[in-house]
Amino acid sequence: VSAFIDLQDVRRPAGDYLLRFSFLKAMTRLPLMLYTGGEAERRLCAAFPNTHAYPDNALLPRALLSEGITPTRLFQRNKLLLLERAAAACPSYPYVAWLDMDALPHPVCPEALPDFSALTDDRVHIGWTDDGPDTSLIVAPARLLPPLAREVRAVTQLDSAMKRSFSERRNHDMRVNRK
């Protein structure tokens, strides 16, 4: 599962992301589902059969944007909900993986089949960088996604109800202040 939506604080031009997605979708043996929205939605829907509209209202409410969450943070929180949705749409797959669409900076052999077997156990695996957890890669058993999605919804609702800073911002600030 991956996504391409319009965000304000992107690191690269849209064309770079689309090029990298072309490397990812060229892997014909990798079942891939893409959520998209914004300016590139029509182009991606026409070019890739497993493209679905990024559901603005079916995930966390966009009203959270007016409460201080950034579009990028809202999208990051929605990743587990999108994985849950993909798992429900493909019930024959016991595991679901999230891979940011720009994860492949170079072309790969179209017949390549990534081996995720080391990550297919009863745990959720999340990428890690120097700054901490990195949700550009998530591999999870499909059966764990509903309770994880409930937790995301509950924490988000609590953050909103208590009018407190969203936890990602607080955790990021704590890491930055420790350095």
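Quick note: structure is the one above.
What counts and what doesn't
Residues numbered from 1 in each chain as written. Predicted model: local features only at pLDDT ≥ 70, side-chain atom pairs only at ≥ 80, totals over all residues. Heavy atoms only, no water. Pairing = 2+ DSSP bridges. Helix = DSSP H or I, 4+ residues; strand = E, 2+ residues; numbered from the N terminus. Axes fitted to C-alpha atoms, helices over the stretch in contact; angles between N-to-C directions. Contact = heavy atoms within 4.5 Å. Polar contact = N/O pair within 3.5 Å; in protein donor to acceptor, adjacent residues only side chain to side chain. Parallel < 35°, antiparallel > 145°, perpendicular 65-115°, else oblique. Left-handed = near helix turned anticlockwise from the far one by under 90°. Nonpolar A, V, L, I, M, F, W, Y, C, P; charged D, E, K, R; others polar. Buried < 20%, exposed > 50% of the residue type's maximum accessible area, 1.4 Å probe, protein only. Core = buried A, V, L, I, M, F, W, Y, C linked by side-chain atoms within 4.5 Å. Salt bridge = Lys/Arg side-chain N within 4 Å of Asp/Glu carboxyl O.

In spatial order, the strands read β1-β2-β3; together these three strands make up an open sheet with parallel pairing. The sheet is open, and its two edges are formed by β1 (2-4) and β3 (51-53), each paired on a single side. Direction aside, neighbouring strands of the sheet carry axes that sit 30 degrees apart on average.

Before going further, it helps to spend a moment on the environment of Lys79. By secondary structure assignment, the location of Lys79 is in helix α3 (residues 71-89). When residues no more than four places from it in sequence are discounted, the contact partners of Lys79 are Trp98, Asp100, Thr135 and Ser136. Within polar-contact distance, the side chain of Lys79 engages the side chain of Asp100 at 3.0 Å.

On to the packing of α3 against helix α4 (residues 145-161), then. One can describe the packing of α3 onto α4 by two numbers: an axis separation of 9 Å at closest approach and a directional angle of 150 degrees. With respect to each other, α3 and α4 are oriented roughly antiparallel. In this structure, the crossing between α3 and α4 has a hand that is left-handed. From α3, Arg77, Leu80, Leu81, Leu83, Glu84 and Ala87 reach across to α4, where they touch Leu145, Pro146, Leu148, Ala149, Val152, Arg153, Val155, Thr156 and Asp159. In terms of residue class, the contact of α3 with α4 is made up of 10 nonpolar, one polar and four charged.

Tracing the chain through its elements places Ser2 in strand β1. Among the residues examined, Ser2 registers a relative accessible area of 0% and is labelled buried. In terms of polar contacts, Ser2 uses its side chain to reach the backbone carbonyl oxygen of Leu99, at 2.7 Å. Every residue in contact with Ser2, bar those within four places of it in the chain, is listed here: Met33, Leu34, Tyr35, Trp98, Leu99, Asp100 and Met101.

Pairing of strand β4 (residues 95-99) with strand β6 (residues 132-141) involves five bridges; the strand directions are antiparallel. In the strand pairing of β6, Val96 is matched with Ala140. Where strand β5 (residues 125-129) lies against β6, five bridges are found, and the strand directions are antiparallel. By the bridge assignment, Thr129 is partnered in β6 with Gly132. Joining the antiparallel neighbours β5 and β6 is a turn of two residues.

Moving on, we come to the sheet that holds β4. Two modes of strand pairing occur in sheets, parallel and antiparallel, and in both the strands are linked by backbone hydrogen bonds. Strand order in the open sheet formed by three strands is β4-β6-β5, and the pairing between neighbours is antiparallel. Strands with a single pairing partner mark the edges of an open sheet, and in this sheet they are β4 and β5. The average undirected angle you get between the axes of adjacent strands in this sheet is 25 degrees.

Of all hydrophobic cores here, the largest spans 25 residues; its most connected members are Val1, Tyr35, Leu83, Val96, Trp98 and Leu145. Of all elements in the fold, only α3, β4, β6 and α4 reach the threshold of two or more residues within this core. A total of eight residues in this core trace back to one element, the largest contributor, which is α3. Sequence-distant contacts of Leu83, defined by excluding residues within four places in its chain, comprise Val1, Val96, Ala97, Trp98, Ile138 and Leu145.

Next up on the list: the pattern of salt bridges. Between side chains of opposite charge, pairing is possible as soon as their charged atoms come close. On inspection of all chains with the given rule, the structure shows five salt bridges. A salt bridge links Asp100 to Lys79; the shortest N-O distance between them is 3.0 Å. Of the two residues, Asp100 sits in the loop between β4 and β5 while Lys79 sits in helix α3, which places them 21 residues apart along the sequence. Note on accessibility: Asp100 and Lys79 belong to one class, buried.

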